Amino acid sequence: MSTNQKINGPRLWDALMAMAEIGATPKGGVKRLTLTEVDKAGRQRFTQWCEELGLTMRVDAMGNMFARREGRDPQRLPVLLGSHLDSQPTGGKFDGALGVIAGLEVMRSLHDLNITTEAPIELVNWTDEEGSRFGHSLMGSGVWAGIFGLEEAYGFTDLDGVNVSQALDSIGYKGPHPAAPFPADAYFELHIEQGPILEQEGKPIGIVTGAQAQVWYDAVITGQDAHAGTTPPSARRDALVAAARVIALVDEMMRARGEAGRGTVGQLQVLPNSRNVVPGEVRFSVEFRHPDDAELARLMAEFPQAAEAAVAGSGCRLEVTKLFDMPAQPFDPACVDLVRQAAARLGYPAREITSGAAHDAVYVARRVPTAMIFTPCKDGLSHNEAESILPEEAEAGCQVLFEAVVARANR
Ligand code: HGY
Ligand code: MN
Ligand code: MN
Ligand code: MN
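Bear in mind that the values here come from a model prediction, so they are computed numbers and not experimental data.

**Here we look at the pattern of salt bridges**
Inference 1: Applying the stated rule across the entire model yields 27 salt bridges.
Inference 2: A salt bridge links Glu122 to Arg68, with the shortest nitrogen-to-oxygen separation between them at 2.7 Å. With Glu122 in strand E4 (residues 121–125) and Arg68 in strand E2 (residues 65–69), this pair connects stretches of sequence that are 54 residues apart.
Inference 3: Look at Arg68 and you get buried, because its relative accessible area is 19%.
Inference 4: One salt-bridge network, held together by shared partners, links Arg58, Arg68, Glu70 and Glu122.

Shown next, in the form of structure tokens:
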């Protein structure tokens, strides 16, 4: 607890646990896949809490939700804060939810303290940050920032062939407001680090200076379904064996970059997925990340040819499609400084850090001065149901968020 505590830590933790009930999984995580009925339930609970505070709700054409608190000067541009309520299929309680619920606690504390800031403040729940259902992470903030076109995003489909437009309609969150950048003064996002550094160094606050570059691909390998018992090696066109070579290649390309390298195959579909059929088709995801744009460019230049070489001689055909790439994104020095000053004023040990994960802040930063605040998470674990943080860590992050947002709104 810092000296000039403004936020209510127990109330913050209760709200985090109440949100974690929505989509709760038996292993202690959450499954709130974007634009599903469970996501809708989370959105409705968020709306109820915001409306109880008298905030004005606005939903845009991508389902991004904005809860507005008026300031003294209606001419001032709003200061935004928030994150995302959607989760991975086996996600944790805090990835995304911490930033939204801490933002709610900031609003609740301003209300309790009867503080009216000069500028208005808007709390945001961005649609589909995770990308695990429709294959494009940061989708809602990406459309808002003009990275993806609205019609383009509406056409993204999930593995069942449902597209974003249909999914938005199915939960009633295709809002009337344009999903486009509106003038805003700044954006602050609180998020768990999703890595081990802050915990290892005993730092409760991360001053996030930016996020690393990344590229996402879809890969399809086509061979030939065949009988497992009658087909000799010389006649096989085994798509899974060919895929295994590409998967090993992704790992090699990552390790060739040392501890800064990131290369992952997270999603894999084997067809027909029958134990006595040689697989004729394999579909899988590939992603690479690196803090240095030039190194990511080298990975993007190297991968397609190296993958072709890996499947040579297998009799299979490889198709690699780039879904998107994003360069490393530095955050706004003045906003980063507000985070630094807030942590110092509150007496929280802090360190500068680059984000290994992407966040909505990465795309919002293309349009609005942006900064992020990190808090530690146990063993650096995230995108895992065991993801956990301490109440005092949530409290520290929320307090820094409060100070930075109010300082910006009153500057
Ligand atoms: O993949 C990411 O970096 C984000 O957490 N969805
Ligand atoms: Mn997240
Ligand atoms: Mn995530
Ligand atoms: Mn993220």
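Here the narrative resumes.
**A short note on the environment of Asp73**
Inference 1: Structurally, Asp73 can be placed in the loop between E2 and strand E3 (79–83).
Inference 2: The exposure class of Asp73 is partly exposed, given its relative accessible area of 27%.
Inference 3: Along the backbone, Asp73 and Gly206 are 133 residues apart, and their C-alpha atoms lie at a distance of 32 Å.
Inference 4: In this structure Asp73 touches Glu118 and Pro120, once residues within four positions along its chain are discounted.

**Points about the packing of helix H10 (residues 333–346) against helix H12 (residues 391–409)**
Inference 1: Axis separation between H10 and H12 bottoms out at 9 Å; the angle between their running directions is 125°. As summarised for this structure, H10 and H12 are arranged oblique, according to the angle between their axes. In this structure, H10 crosses over H12, and the sense of that crossing is right-handed. Residue-level inspection shows Ala334, Cys335, Leu338, Val339, Ala342, Ala343, Arg345 and Leu346 of H10 in contact with H12, the latter providing Gln399, Val400, Glu403, Ala404, Ala407 and Arg408.

**With respect to the coordination of the manganese ion (ligand 3)**
Inference 1: Distances from the manganese ion (ligand 3) to its protein donors, namely Asp95 (OD), Glu130 (OE), Glu130 (OE) and His383 (NE2), fall within the range 2.1 to 2.4 Å.
Inference 2: In this structure, the manganese ion (ligand 3) lies 3.4 Å from the manganese ion (ligand 2), and both are coordinated by Asp95. Within this pair, whereas Glu130 is found in the loop between E4 and helix H4 (139–144), its partner His383 is found in the loop between strand E16 (370–375) and H12, the two being separated by 253 residues in sequence.

**Thoughts on the UniProt feature "domain: Peptidase M20 dimerisation" (unreviewed entry) in the protein chain**
Inference 1: UniProt feature "domain: Peptidase M20 dimerisation" (unreviewed entry): in the numbering of this structure it lies at residues 214–309.
Inference 2: Along residues 214–309, the helical share is 35% and the strand share 31%, with 23 Å between the first and last C-alpha atoms.

**A few points about the packing of aromatic side chains**
Inference 1: Counted by the stated rule, this structure contains eleven aromatic pairs.
Inference 2: For the ring pair Trp126 and Tyr187, a centre distance of 6.0 Å and an interplane angle of 75° mean the geometry is edge-to-face. Of this pair, Trp126 sits in the loop between E4 and H4 while Tyr187 sits in strand E5 (residues 186–192), and the two are 61 residues apart along the sequence. Each member of the pair, Trp126 together with Tyr187, is buried.
Inference 3: Site record: aromatic cluster; members linked through ring pairs are Phe66, Trp126, Trp144, Phe182 and Tyr187.
Inference 4: The ring of Trp49 has Arg108 sitting right over it, with the charged end atom 5.5 Å from the ring centre.
Inference 5: The ring of Tyr154 is capped by Lys174, whose NZ or CZ atom sits 4.7 Å from the centre of that ring.

**As for the side chain of Asn163**
Inference 1: Tracing the chain through its elements places Asn163 in the loop between helix H5 (150–154) and helix H6 (164–171).
Inference 2: Polar contacts involving the side chain of Asn163 include one to the main-chain amide nitrogen of Ser165, which spans 3.1 Å.

**Section: H6**
Inference 1: Of all the positions in H6, only Val164, Ser165, Ala167, Leu168 and Ile171 are classed as buried. Each buried residue of H6 lies within a common arc of 165° when the element is viewed along its axis, so the set occupies one face.
Inference 2: Looking at the buried residues of H6, the elements they touch are helix H2 (37–52), H4 and H5.
Inference 3: By the N-cap criterion, in which a side-chain oxygen at the helix start approaches the backbone nitrogen of a residue two or three places on, H6 is capped by Asn163, the distance to Ser165 being 3.1 Å.
Inference 4: Gly172, located one to two residues past H6, shows a positive phi value of around 70°.

Scoring rules and cut-offs
- Residues numbered from 1 in each chain as written.
- Chains lettered and ligands numbered in written order.
- Predicted model: local features only at pLDDT ≥ 70, side-chain atom pairs only at ≥ 80, totals over all residues.
- Heavy atoms only, no water.
- Salt bridge = Lys/Arg side-chain N within 4 Å of Asp/Glu carboxyl O.
- Helix = DSSP H or I, 4+ residues; strand = E, 2+ residues; numbered from the N terminus.
- Buried < 20%, exposed > 50% of the residue type's maximum accessible area, 1.4 Å probe, protein only.
- Contact = heavy atoms within 4.5 Å.
- Axes fitted to C-alpha atoms, helices over the stretch in contact; angles between N-to-C directions.
- Parallel < 35°, antiparallel > 145°, perpendicular 65-115°, else oblique.
- Left-handed = near helix turned anticlockwise from the far one by under 90°.
- Donors = N, O, S within 2.8 Å, 3.2 Å for Na, K, Ca; no water.
- UniProt positions renumbered as here; feature names shortened; annotations may be inferred.
- Phe/Tyr/Trp six-rings, centres within 6.5 Å; stacked < 30°, edge-to-face > 60°.
- Lys NZ or Arg CZ within 6 Å of the ring centre and 35° of its normal.
- Polar contact = N/O pair within 3.5 Å; in protein donor to acceptor, adjacent residues only side chain to side chain.
- Arc of directions from axis to C-beta.

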